[in-house]
Amino acid sequence: MAAKVIVLSGYGLNCEEETLHAFNHVGIDGNIIHINELIENPKALDEYQILAIPGGFSYGDDTGSGNAFAQKMKLALWDDLKKFVERDTLTIGICNGCQILVNLGLAPALNNYGERDVAVTYNATARYQCRWVDLKIESKSPWLKDIETLHIPVAHGEGRFMMEENALSKLKNNGQIAAQYINTNGTLANGEFPANPNGSINDIAAMTDKSGRVLAIMPHPERGMFTWQRDDYHELKDAAQRAGVELPEESEGIQIFKNAVKYFA
Amino acid sequence: MHYRTEILAHKDDGRAHHIEKILHDMDIRASAWVVDVYSSESAAAAKDIFTKSLANPITQKINETPADFDWALEIGFLAGVTDNVGHTTSELLELATGSAVECYSSRLYLIKGDAKLSDIEQLSAIISNKLIQRISIKSHEQYERDGGMDKIIPKVGLENKNITTDNVDLDISDDELKDLSKYGIANKDGSKRGPLGLPLPYLKAIQSYFKSEGREATDIEIETLAQTWSEHCKHTIFASPIDDIAKGLYKGYIQRATKEIRKSRGENDICVSVFSDNAGGIIFDEDHLITDKVETHNSPSALDPFGGAITGIVGVNRDCIGFGMGAKPVVNRYGFCLADPRSKPNYFRDKSCTDALLPPSNIMNGVIAGVEAGGNCSGIPTPSGFVYFDDRFAGKPLVFVGTIGLIPRVINGKAGHEKCAQAGDKIIVAGGRVGADGIHGATFSSVALDEGSPATAVQIGDPITQKKMSDAIIKEIRDFGWYSAITDNGAGGLSSSVGEMAEGSGGFHLELEKVPLKYAGLSPWEIWISESQERMTFAVPPENTDKMIGLFAKRGVEATVIGTYTDSGRAKISWNDEIIMDLDMDFLHDGNPETPLSTTFTRGGEVEPDIAEPDSYENILTAMLGRLNICSKEFIATQYDHNVQGSAVLAPLQGKGRVYGEVSVTRPLLTSPKGVVLSQGLFPRYSDIDTKAMAAAGLDMAVRNAVAAGVDFNQLALLDNFCWCSSDEPERLGQLKRAVEVIYELAVKYQTPFISGKDSMFNDFKGYNENGEAIKISAPPTLLVSSIGIMTNVENSISIAPKAAGDSVYLLGATKDELGASEYYDELGHLGNNVPETDAHQNLRLYKLYARASRDRLISSAMAVGYGGLGVTLAKKTIAGGFGLDIDLSGFDLRSDKMLFSESTGRIVATVSPQNKKAFEKNFKGFEECHYIGSVAYSKNLFIRSVLKVGVKVLDEAYKATLRDY
């Protein structure tokens, strides 16, 4: 049976269309489902293999980004959600979705699902940042298979992962740090703006649960899935024209979605 | 009881560092803690399940206070001001405990350092606005003595005091009528309700209408007429006969240009819906229209920059949602005209100098943050915009906001852009509730700002409430075909939205007591004209009302039936069964008498100055790059989400040198390679010499920016926003007429139709200087022309950054001795006289040839020449690409400074690869103004032979330093 994806919407989530488009582009069917619909009919989760919580501004980031939406999900949907991630499924939270997964305690879930181990809080600059970043990937997560680096954008005001020292060492030891901000030369950003756009501890841009099937990622792969979306598109396009070659349609971000296909193949 | 939860953030909080930086800029070393405070009257708010839902235990502590601080500063909202965080907290309280009691948010800053009380007061003035916020400061001692901060619940304390309408006696003298207009209807206690803004001839018409009806007017009827006939809603200056132009400026020029263009283009007409709806719509592809609307929100932004700007952007989003049967917002635009943020002018609203205008830096930060919050929260990309500086914007800043929409051409088998309320349809209002916010907004923006300007005219938008409503409409309900018509609630609130929609059916009967309110105590007239945000009004056949309200409810959106559209010819309102308004529809909409206008005109400007050639071209070029109108605005671009929806092709920062561009390209449909090209042009300072030159240059720039980026020249349309001043003076009206005349000529010449427009005619501040002397600051007459065009394939888009060394550099278009009102003359302290004249004939030749070259992909990079002329353009291209340029201008017959800094319109600088050079030159064969001026260099220098040689790094620094710390 082909895998199907639920992309959540509602209460200020706003990247559901382009996120579903990314899945559709790689051949995964799915539906955008309003959170209230899912709460009304949580058994719908049984019919899907992938859950995507897209980017956005759920509840306007009030009381901390992702917090209010996560509280709503926890109060109304927790048992079904837990059952879903414990099955052989894939879950991805992008940007606001990442913040929601963290507040739900689905990532990194160092001990148990449902416990908050880390925070994603205000950028060190206290300012929203929309810019392209480079990521180094070292992860066993099925979402990130065979990916070494990614050039995709961030767009957030609260993307700074913070945690206690021992949580950080557990993350490292468990291989749960999925992506780190790097300089253009490949070295770690070392907390320096703008390569690390938010001051995130250990340059962390994404993390997974222990199984690797739940990915919480601040940057937006769906905004870097096509070459024409890239910040250097005009340079690449010009170079391709000079060289007399076709520019590839796809860019690096699409690999994450293709990996979902591979996982269920 | 008051329950208060304090959430203490960790020490390394970004917001705390922001406070520390402000204090540091005041020469105070201090550290800060940030505490988020949530207050409620519900005992449930003390329960763990609720308080724990407010804090992330990793970084936040509940009800803990650090012992070590010197000052506590708390900022919360005044009663009745929109508190978005409070609303979310209320929802959390209800989710967690079932208690449906309002919560309120505030923020507490605990500060440790060598600050005095006056320093903390200064800090609070920078980070708050006393018009909408309450501020409480305590020393540590006082804090300890009081056991913490005071517990405040900012609940609106209005009484529900047998509210009804008052009659207004209009059988009064002309002088009394004038007073009624200036101060408003009197309350029982003698206080006045705020300006009606009605000129005497209008009041006389109203007087005689009620005489013929044989009864007194009610307050709600007078308020309704004031709203409907306001300059803001009726655009009387553009509609009135002016000199010998009987049709007025709008019908006589602007609408006429579009009509003539559509006629002459015949089958190739791109317009579908122009000037008749909330936005203008042109053809995007076989299945979709693209819509555009640009609004201004100037007066509210002067009082509360954040609130004014966020209300503006979410308001213009609703213009898009209210286009036709509802368009999906796909791009936002912004534009700010501001005073120098480094300046500190002392202007006051009152003679005793106690009520100071906000400093320019507060206004700048506030309007930028307002558009950020509104645009980012709504999930609409904001790639396009501009900031223009002139100190005459200190009194009234100009805040432009625009939204582009996408709508299917056919929805449910009917044209997507058409709608009409039918008699018998129910009036449904959906979205936010009504409060006292925004009362008299429409009448207030039609008068100059002074001491009596009402604070209630300010609202704060709530983008999340709107997002829920917008998604439910655009992504679901629209396509079910449940409603006959939709429009937004903007200026004038229900009085405008219901009144306008009822023109379709021929009347309405509204049951005003059914309108959902934020709190008790509002009078009928207040409910009717309140500009509370985030509401759409619908006309819905009775059989569809239940399912529509039901679906809205499932999406967390309140929707209510509040009346019926009729064909009675009457505008009727009842309040608990009593009829309180009953006006003839024709009188309501067309009863305002014509008021012919007459104009005079005197050209401004000085004699052309005799200036010495600069000693150092390097120095003058770097100084020019650092000028406010030329330098980088990267700090704004990175705060605005420009790639949400995954649609950004050409974003605000171009090339690896990240130059702030003036044009954007977006792919609104992920499934189609078609692009939308957006740009704009404005030259306010040119008005000091001649508004004709100002308007022509703005229109030409808007067109040329889009052309340079590769737009299909025959799929380009325009929007006009006139922001004038003192429009009751014949001289200002004369300036207006000249501007309108020339944009008619240019638009027809270029065949670029106007599809939408908006004006704001009184951008004046009347107040006092620090000596208590009366002053008036008028914004320079400003026409913003925005352009929107289509590109068949985004592959054809062209960025400004040169791509490879060895490419050829061309200057297209003629450079003349035209430095009047230029950035260069202003840098040298001159105004001059030779303001650029626009040669539409010559420009059109260039644009057509260029469009062919861009379609054939012959151009590697291009940039239209704007502020600061050729010199600045070459420098920006150098910075963007990171390549040097080797330029020779010796063939031109102009002194080097004039050659470099003249602002002659109609020019583009392009670079072309060696493989395309021949085809490019062939393309322009016979066009005498195609000049080869050099090549992209292998060095990292901008080299202009015999004139200057400056390294990329030096240029980059000069370009980015000015506003780096904002």
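Just so it is clear, the structure is predicted and the values come from calculations on it, not from any experiment.

A. Examining the overall build of chain B more closely. Check the secondary structure of chain B and you find 30 helices and 40 strands. For chain B, the C-alpha radius of gyration of 29 Å lies close to 30 Å, the compact-globule estimate for 966 residues. Along the first, second and third principal axes, the C-alpha atoms of chain B reach 85 × 70 × 60 Å. The buried share of chain B, reckoned over its 966 residues, is 66%. Within chain B, counting contacts between residues at least 6 apart in sequence, those at least 24 apart form 82% of the total. Counting every atom, chain B has about 32,900 Å² of accessible surface; 48% of that belongs to carbon and sulfur.

B. Representation of helix H4 (residues 96–104) of chain A within the structure. All names here are of chain A. For H4, a buried count of 9 out of 9 residues is recorded, marking the element as mostly surrounded by other parts of the structure. Among all positions of H4, only Asn 96, Gly 97, Cys 98, Gln 99, Ile 100, Leu 101, Val 102, Asn 103 and Leu 104 are buried. The positive-phi residue at the C-terminal boundary of H4 is Gly 105, with phi of around 75 degrees.

C. Representation of the packing of helix H3 (residues 67–86) of chain A against H4 of chain A in the model. Residues and elements named next belong to chain A. Where H3 contacts H4, the axes come no closer than 9 Å and their chain directions differ by 60 degrees. Compared by their axis directions, H3 and H4 come out oblique. The handedness of the crossing between H3 and H4 is right-handed. Each of Asn 67, Phe 69, Ala 70, Met 73, Lys 74, Trp 78 and Leu 81 in H3 lies in contact with H4, whose residues at this interface are Ile 100, Asn 103 and Leu 104. Per-class residue counts for the contact of H3 with H4 are 7 nonpolar, 2 polar and 1 charged.

D. Examining the sheet that holds strand S39 (residues 941–944) of chain B more closely. Residues and elements named next belong to chain B. With respect to topology, 7 strands assemble into an open sheet ordered S35-S37-S34-S38-S36-S39-S40, the strand pairing being mixed. Of all the strands in the sheet, the pair left with one neighbour each is strand S35 (861–864) and strand S40 (948–951). Averaged over neighbouring strand pairs, the angle between their axes works out to 20 degrees when direction is ignored. Two strands pair when backbone bridges link them, and strand S36 (residues 884–887) and S39 are joined in this way by 3 bridges, in the parallel orientation.

E. Quick peek at the packing of aromatic side chains. Following the criterion strictly, the structure yields 34 aromatic pairs over all chains and no others. Feature note: the residues Tyr 202, Tyr 209, Phe 210, Trp 229 and Phe 587 of chain B constitute an aromatic cluster, connected by ring pairs. Positioned over the ring face of Tyr 48 of chain A is Lys 4 of chain A, at 4.9 Å from the centre of the ring. Directly above the aromatic system of Trp 33 of chain B lies the positively charged group of Lys 11 of chain B, at a separation of 5.0 Å from the ring centroid.

F. Quick peek at a nonpolar patch on the surface. A contiguous nonpolar surface patch, about 240 Å² in accessible area, is contributed by Leu 75 of chain A together with Ile 49 and Leu 95 of chain B. One can find Ile 49 of chain B in helix H2 (residues 48–51).

G. Highlighting a positive patch on the surface. Residue and element names in this part refer to chain B. On the surface, Arg 852, Lys 918, Lys 922 and Lys 925 cluster together into a patch of positive charge. Tracing the backbone through its elements, the reader meets Lys 918 in helix H29 (residues 914–923). Note on Lys 918: relative accessible area 73%, which makes it exposed.

H. Structural detail: the pattern of salt bridges. By the definition in use, this model includes 75 salt bridges over all chains. For Lys 514 of chain B, the salt bridge is made with Glu 511 of chain B, and the minimal N-O distance between the two is 2.7 Å. Residue classification places Lys 514 of chain B among the partly exposed positions, given a relative accessible area of 39%. Ionic contacts of the salt-bridge type, sharing partners, join the residues Glu 16 and Glu 17 of chain A together with Lys 328, Lys 467, Asp 471 and Lys 475 of chain B into one network.

I. The interface of chain A and chain B, seen in detail. With 56 residues of chain A at the contact, the number on the chain B side is 77 residues. Counting each side, the surface lost to burial between chain A and chain B is near 5,400 Å², with a carbon and sulfur contribution of 52%. Its largest share of buried area at the contact with chain B, chain A owes to Trp 228, His 234 and Arg 242 of chain A, together 13% of the area lost on that side. Where chain A meets chain B, there are 9 salt bridges. Of the charged contacts, one joins Glu 37 of chain A and Arg 555 of chain B as a salt bridge, the two residues approaching to 3.1 Å between their closest N and O atoms. In this assembly, chain A and chain B are joined by 26 residue pairs in polar contact (both at pLDDT 80 or more). Residue contributions to the side of chain A that touches chain B peak at 7 residues, all from helix H6 (residues 233–243) of chain A. Residues of the side of chain A that touches chain B, tallied by class, amount to 22 nonpolar, 16 polar and 18 charged.

J. A negative patch on the surface, seen in detail. On the surface, a cluster of negative charge is made up of Asp 169, Asp 171, Asp 175, Glu 176, Asp 179 and Glu 216 of chain B. Along the chain, the position of Glu 176 of chain B falls in helix H6 (residues 174–183).

K. Representation of helix H5 (residues 165–174) of chain A. Residues and elements named next belong to chain A. Those residues of H5 not exposed but buried are Ala 167, Leu 168 and Leu 171. Considered in projection along H5, the buried side chains sweep an arc of 100 degrees and stay on one side of the axis. H5 presents Glu 165, Asn 166 and Asn 173 as exposed residues on the side facing more than 90 degrees away from its buried surface. Elements in contact with the buried residues of H5: strand S9 (177–182) and strand S10 (204–208). At the C-terminal side of H5, Gly 175 shows a positive phi close to 65 degrees.

L. Local environment of the state of the cysteines. Inspection of the entire model under this criterion finds 0 disulfides over all chains. You can see Cys 15 of chain A has no disulfide; the closest cysteine sulfur is in Cys 95 of chain A, sitting 6.9 Å from it.

M. Molecular detail of the pairing of strand S34 (residues 808–812) of chain B. Residues and elements named next belong to chain B. S34 sits mainly inside the fold: 5 of its 5 residues count as buried. Of the two faces of S34, both are covered, the one formed by Ser 808, Tyr 810 and Leu 812 as well as the one formed by Val 809 and Leu 811. Both S34 and strand S38 (residues 930–937) contribute to a ladder of 5 bridges, which runs antiparallel. Its bridge partner being in S38, Ser 808 is matched across the sheet by Ser 935.

N. Structural detail: the environment of Leu 819 of chain B. Residue and element names in this part refer to chain B. By secondary structure assignment, the location of Leu 819 is in the loop between S34 and helix H25 (823–827). The spatial distance from the C-alpha of Leu 819 to the C-alpha of Leu 699 is 18 Å, given a sequence separation of 120 residues. Excluding its chain neighbours within four sequence positions, the residues that come into contact with Leu 819 are Tyr 824, Tyr 825, Leu 831, Asn 834, Lys 898, Phe 901 and Ser 902.

O. Layout of unusual backbone geometry. All names here are of chain A. In this chain, Ala 107 is followed by Pro 108 through a cis amide linkage whose omega measures -5 degrees. Looking at the element boundaries, Pro 108 is found in the loop between H4 and strand S5 (119–121). A cis amide bond, omega 5 degrees, links Phe 193 with the succeeding residue Pro 194. Here Pro 194 is to be found in the loop between S9 and S10. Even without a glycine there, the phi angle at Tyr 59 is positive, about 50 degrees. Structurally, Tyr 59 can be placed in the loop between strand S3 (50–53) and H3.

P. Seen up close, the side chain of Gln 639 of chain B. The residue Gln 639 of chain B is located in the loop between helix H22 (634–637) and strand S24 (648–650) in this model. In this structure Gln 639 of chain B comes out as buried when scored by relative accessible area, which is 5%. A polar contact is formed between the side chain of Gln 639 of chain B and the backbone oxygen of Phe 635 of chain B, at a distance of 3.0 Å. In contact with Gln 639 of chain B, other than residues within four places in its own chain, are Arg 127 and Tyr 128 of chain A together with Ile 368, Glu 372 and Asn 376 of chain B.

Q. Inspection of the confidence of the model for chain B at higher detail. Per-residue confidence for chain B gives a mean pLDDT of 92, with 97% of residues at or over 70. Counting contacts from residues 451–455 of chain B, a segment whose pLDDT is below 50, to residues more than four positions away or on other chains yields 6 contacts.

R. Examining the side chain of Lys 72 of chain A more closely. With respect to the helices and strands, the residue Lys 72 of chain A is situated in helix H3. Despite its burial, Lys 72 of chain A pairs with no opposite charge, the nearest such side chain being Glu 91 of chain B at 5.2 Å. Apart from residues lying up to four places away in sequence, Lys 72 of chain A is in contact with Tyr 11, Ile 35, Asn 36, Ile 39 and Tyr 59 of chain A together with Leu 95 of chain B.

What counts, and at which threshold
- Residues numbered from 1 in each chain as written.
- Chains lettered and ligands numbered in written order.
- Predicted model: local features only at pLDDT ≥ 70, side-chain atom pairs only at ≥ 80, totals over all residues.
- Heavy atoms only, no water.
- Helix = DSSP H or I, 4+ residues; strand = E, 2+ residues; numbered from the N terminus.
- Rg over C-alpha atoms; globule rule 2.2 N^0.38 Å.
- Buried < 20%, exposed > 50% of the residue type's maximum accessible area, 1.4 Å probe, protein only.
- Contact = heavy atoms within 4.5 Å.
- Areas by Shrake-Rupley, 256 points an atom, 1.4 Å probe, with all protein chains shown as cover.
- Axes fitted to C-alpha atoms, helices over the stretch in contact; angles between N-to-C directions.
- Parallel < 35°, antiparallel > 145°, perpendicular 65-115°, else oblique.
- Left-handed = near helix turned anticlockwise from the far one by under 90°.
- Nonpolar A, V, L, I, M, F, W, Y, C, P; charged D, E, K, R; others polar.
- Pairing = 2+ DSSP bridges.
- Phe/Tyr/Trp six-rings, centres within 6.5 Å; stacked < 30°, edge-to-face > 60°.
- Lys NZ or Arg CZ within 6 Å of the ring centre and 35° of its normal.
- Patch = residues over 30% accessible without salt bridge, like charges linked within 9 Å, V, L, I, M, F, W, Y side chains within 5 Å.
- Salt bridge = Lys/Arg side-chain N within 4 Å of Asp/Glu carboxyl O.
- Lys, Arg positive; Asp, Glu negative; His and termini not counted.
- Charge placed at Lys NZ, Arg CZ, Asp CG, Glu CD.
- Buried area = accessible area lost by both parts, 1.4 Å probe.
- Polar contact = N/O pair within 3.5 Å; in protein donor to acceptor, adjacent residues only side chain to side chain.
- Arc of directions from axis to C-beta.
- Disulfide = S-S within 2.5 Å.
- pLDDT = per-residue confidence, 0-100.

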